[in-house]
Amino acid sequence: MKKIESFTVDHLRLLTGIYVSRKDKVGDQTLTTFDLRFTRPNKEPVMDTSGVHAIEHLGATFLRNDPEWKDRTIYFGPMGCRTGFYVIFAGDLVPEDILDVTGRMCAFILDFEGEIPGATPRDCGNYHDANLAMAKYYTAKFKKEVLDHPSAERMTYPR
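Residues numbered from 1 in each chain as written. Predicted model: local features only at pLDDT ≥ 70, side-chain atom pairs only at ≥ 80, totals over all residues. Heavy atoms only, no water.

A. Local environment of the packing of helix α2 (residues 99-111) against helix α3 (residues 132-147). The contact between α2 and α3 brings their axes to 9 Å, and the two run at 150°. Like other packed secondary-structure pairs, α2 and α3 cross with a definite hand, here left-handed. Packed against α2, whose contacting residues are Leu-99, Thr-102, Gly-103, Cys-106, Ile-109, Leu-110 and Asp-111, the element α3 presents Ala-135, Lys-136, Thr-139, Ala-140, Phe-142, Lys-143 and Leu-147 at the interface. Here the residues of the contact of α2 with α3 sort into eight nonpolar, three polar and three charged. (Axes fitted to C-alpha atoms, helices over the stretch in contact; angles between N-to-C directions. Helix = DSSP H or I, 4+ residues; strand = E, 2+ residues; numbered from the N terminus. Left-handed = near helix turned anticlockwise from the far one by under 90°. Contact = heavy atoms within 4.5 Å. Nonpolar A, V, L, I, M, F, W, Y, C, P; charged D, E, K, R; others polar.)

Here's what the structure looks like:
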């Protein structure tokens, strides 16, 4: 079987960052999948599930309500390895195109107080497993390392 593209990325050299994971054509529309890498694979501990889950709920809520991006947001969710998130947007995009919306999403998470949207027994299959403090910790780390000083090395996969 052919190895999928994401398994060809050198995870030993991968930094936290915003990377184009793939581009797919659906009819005449391009969908761009971004890798929002919050921790360094195989170098730092993976994120705990409660922090990941809180970021998932807050990030998806923000993106699906953002006036500019709500109609272009296809998906936001965690990677199985718990080192980051995938976000899929409609459009043929590059990391620089999403720096602003990603920064605003991070600000939303960092400023958020109260009950996490969708974290109720009716709305979520594991509503107890959400930790806002950990979500803020991981988001602040990502903002500091990636968004505060964007660089080519954090927006281009190492091969």
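Having seen the structure, we can now continue with the description.
B. Region of the structure containing the layout of surface pockets. There is about 220 Å³ of room inside the largest pocket. Of the residues belonging to the lining of the largest pocket, the class tally is nine nonpolar, five polar and two charged. (1 Å grid on protein atoms, 1.4 Å probe; cavity = no way out; pocket = protein on both sides within 12 Å on 5 of 7 lines; lining within 4 Å. Points joined across faces, edges and corners; volume = space filled by probe spheres on them.)

C. How the structure looks around the sheet that holds strand β2 (residues 29-37). Spatial strand order, β1-β2-β4-β3: four strands in an open sheet with antiparallel pairing. Whereas interior strands pair on both sides, the edge strands pair on one side only; in this sheet they are β1 (17-26) and β3 (73-78). Direction aside, neighbouring strands of the sheet carry axes that sit 15° apart on average. Here β2 pairs with strand β4 (residues 84-90) via seven bridges, running antiparallel. Within the sheet, the bridge partner assigned to Leu-36 lies in β4 and is Phe-85. Each of β3 and β4 is contacted by helix α1 (residues 49-63), which is oriented at about 170° to β3, the strand it contacts most. In the packing of α3 onto the sheet, the strands contacted are β1 and β2, and the crossing angle to β1 comes to about 90°. (Pairing = 2+ DSSP bridges.)

D. Focus on the packing of α1 against α2. Where α1 meets α2, the closest approach of the two axes is 9 Å, and the angle between their N-to-C directions is 125°. Between α1 and α2, the angle is such that the two are oblique. Helix-helix and strand crossings are classified by hand; for α1 and α2 the assignment is right-handed. Where α1 abuts α2, its residues Ile-55, Leu-58, Gly-59, Phe-62 and Leu-63 lie against Val-101, Arg-104, Met-105, Phe-108 and Ile-109. Of the residues contributing to the contact of α1 with α2, the split by class is eight nonpolar, one polar and one charged. (Parallel < 35°, antiparallel > 145°, perpendicular 65-115°, else oblique.)

E. Representation of α1. Over its 15 residues, α1 runs 21 Å from end to end, which matches the ideal 21 Å to within 8%, given 1.5 Å per residue. With twelve of 15 residues buried, α1 lies mostly within the body of the structure. Taken as a whole, α1 has its buried residues at Ser-50, Gly-51, Val-52, His-53, Ala-54, Ile-55, His-57, Leu-58, Gly-59, Ala-60, Phe-62 and Leu-63. Looking at the buried side of α1, the elements it contacts are β3, β4, α2 and α3. (Expected span 1.5 Å × (residues − 1). Buried < 20%, exposed > 50% of the residue type's maximum accessible area, 1.4 Å probe, protein only.)

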